[in-house]
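# Geometric and topological summary
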Amino acid sequence: MATAVTSTRSAAQSLVGTGGLAGRYATALYELATEKLKLDEVLPQADAFARLIDESAPFRAVLQDTRLDIRDARKAVLAVAKQQGFSDLIVNFVGVIADNRRLPHLRQIFAAFAAVASARRGEITAEVVSAQPLTMAQRAQLQGKLAEAGYSRVSLQERVDPEILGGLVVRVGPRLVDTSLQSRLVRLHYAMKGAA
């Protein structure tokens, strides 16, 4: 169980950042959307695409399977993107990602895109990992708590990870607050071991 907590934390940490491969693609998407005056349209769609990846295990499997023929993977991913109603800019961008054999990195690219957009707006990004997608009320409550903690201009970067069982893992800069049920169980396990 301790390894699962570690892997959850490292996965959350690797999502943010604007360097490397994901950062280059994210910056290119941001600049293209800005140039075409479509940034306001692309921002929520990129977030929706990231949620689609998080919430659909079969879709994630297609993205991660490097054994698939690139043409088949591209066709499948673009069919899903079109069926979900994403704009031509997003569909074409995902097509480029597929052509360059970077589909396994698509989730990180969209996370880096959100980080690039937040940084350019002067916002702080809070990475939030939850066992289930957050409701609008939960999102508002979380933003209220973050504002109370001094993070008034904060954008939420959400990711669903059923392995945490419940609760939240929130990272704002170097600060990490882990209230997940999984980490509580790990702490209880160690406490019981120490008491024996």
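The text that follows walks through the structure, step by step, so that each part is easy to find. Being a predicted model, the structure only gives us computed values, none of them experimental. (Residues numbered from 1 in each chain as written. Predicted model: local features only at pLDDT ≥ 70, side-chain atom pairs only at ≥ 80, totals over all residues. Heavy atoms only, no water.)

The next subject is the overall build of the protein. When you go through the protein residue by residue, the secondary structure sums to nine helices and four strands. Along its sequence from the N terminus, the protein presents helices and strands in the succession α-α-α-α-α-α-α-β-α-β-β-β-α. Sorting the 196 residues of the protein into buried and exposed places 42% on the buried side. Relative to all contacts within the protein whose residues are 6 or more apart in sequence, the contacts with residues 24 or more apart total 73%. Entry remark: accessible area of the protein is about 10800 Å², with carbon and sulfur atoms responsible for 55%. (Helix = DSSP H or I, 4+ residues; strand = E, 2+ residues; numbered from the N terminus. Buried < 20%, exposed > 50% of the residue type's maximum accessible area, 1.4 Å probe, protein only. Contact = heavy atoms within 4.5 Å. Areas by Shrake-Rupley, 256 points an atom, 1.4 Å probe, with all protein chains shown as cover.)

Here four strands make up an open sheet; going across it, the order is β2-β1-β3-β4 and the pairing mixed. The sheet is open, and its two edges are formed by β2 (154-160) and β4 (175-178), each paired on a single side. On average, adjacent strands in this sheet sit at an angle of 15 degrees to one another, irrespective of strand direction. Where strand β3 (residues 168-172) lies against β4, four bridges are found, and the strand directions are antiparallel. When the bridges of β4 are listed, V170 appears paired with V177. Against the sheet, helix α8 (residues 136-148) touches β1 (124-130), β2 and β3, its axis set at about 130 degrees to β2. (Pairing = 2+ DSSP bridges. Axes fitted to C-alpha atoms, helices over the stretch in contact; angles between N-to-C directions.)

This paragraph deals with the environment of T125. Note on placement: T125 falls in strand β1. For T125, a relative accessible area of 14% corresponds to the buried category. Of note is the side chain of T125, whose polar atom sits 3.3 Å from the side chain of S118. (Polar contact = N/O pair within 3.5 Å; in protein donor to acceptor, adjacent residues only side chain to side chain.)

Nonpolar side chains tend to gather and get buried jointly when the protein is soluble and globular. Ranked by size, the top nonpolar core spans 37 residues in total, and within it F49, V94, L103, L106, F110 and F113 carry the most contacts. Only α2 (20-35), α3 (39-55), α4 (57-64), α5 (70-83), α6 (88-99) and α7 (106-120) provide two or more residues apiece to this core. (Core = buried A, V, L, I, M, F, W, Y, C linked by side-chain atoms within 4.5 Å.)

The phi dihedral of L37 is positive, around 60 degrees, even though this residue is not glycine. Within the fold, L37 resides in the loop between α2 and α3. The exposed category is assigned to L37, whose relative accessible area is 76%. Located in the positive-phi region is L165, a residue other than glycine, with phi close to 70 degrees.

Further remarks concern the packing of α3 against α6. Interhelical geometry of α3 versus α6 gives an angle of 50 degrees and a closest axis separation of 10 Å. The orientation of α3 with respect to α6, classified from their angle, is oblique. With respect to the hand of their crossing, α3 and α6 are arranged in right-handed fashion. Between α3 and α6, the residues in contact are V42, Q45, A46 and F49 and L89, I90 and V94, respectively. (Parallel < 35°, antiparallel > 145°, perpendicular 65-115°, else oblique. Left-handed = near helix turned anticlockwise from the far one by under 90°.)

This next bit is on α3. If you check α3, its first and last C-alpha atoms are 24 Å apart, about what 17 residues at 1.5 Å a residue would give, namely 24 Å. Of all the positions in α3, only L39, V42, L43, Q45, A46, F49, A50, L52, I53 and D54 are classed as buried. Elements that come into contact with the buried residues of α3 comprise α2, α4, α5, α6, α7 and β2. (Expected span 1.5 Å × (residues − 1).)

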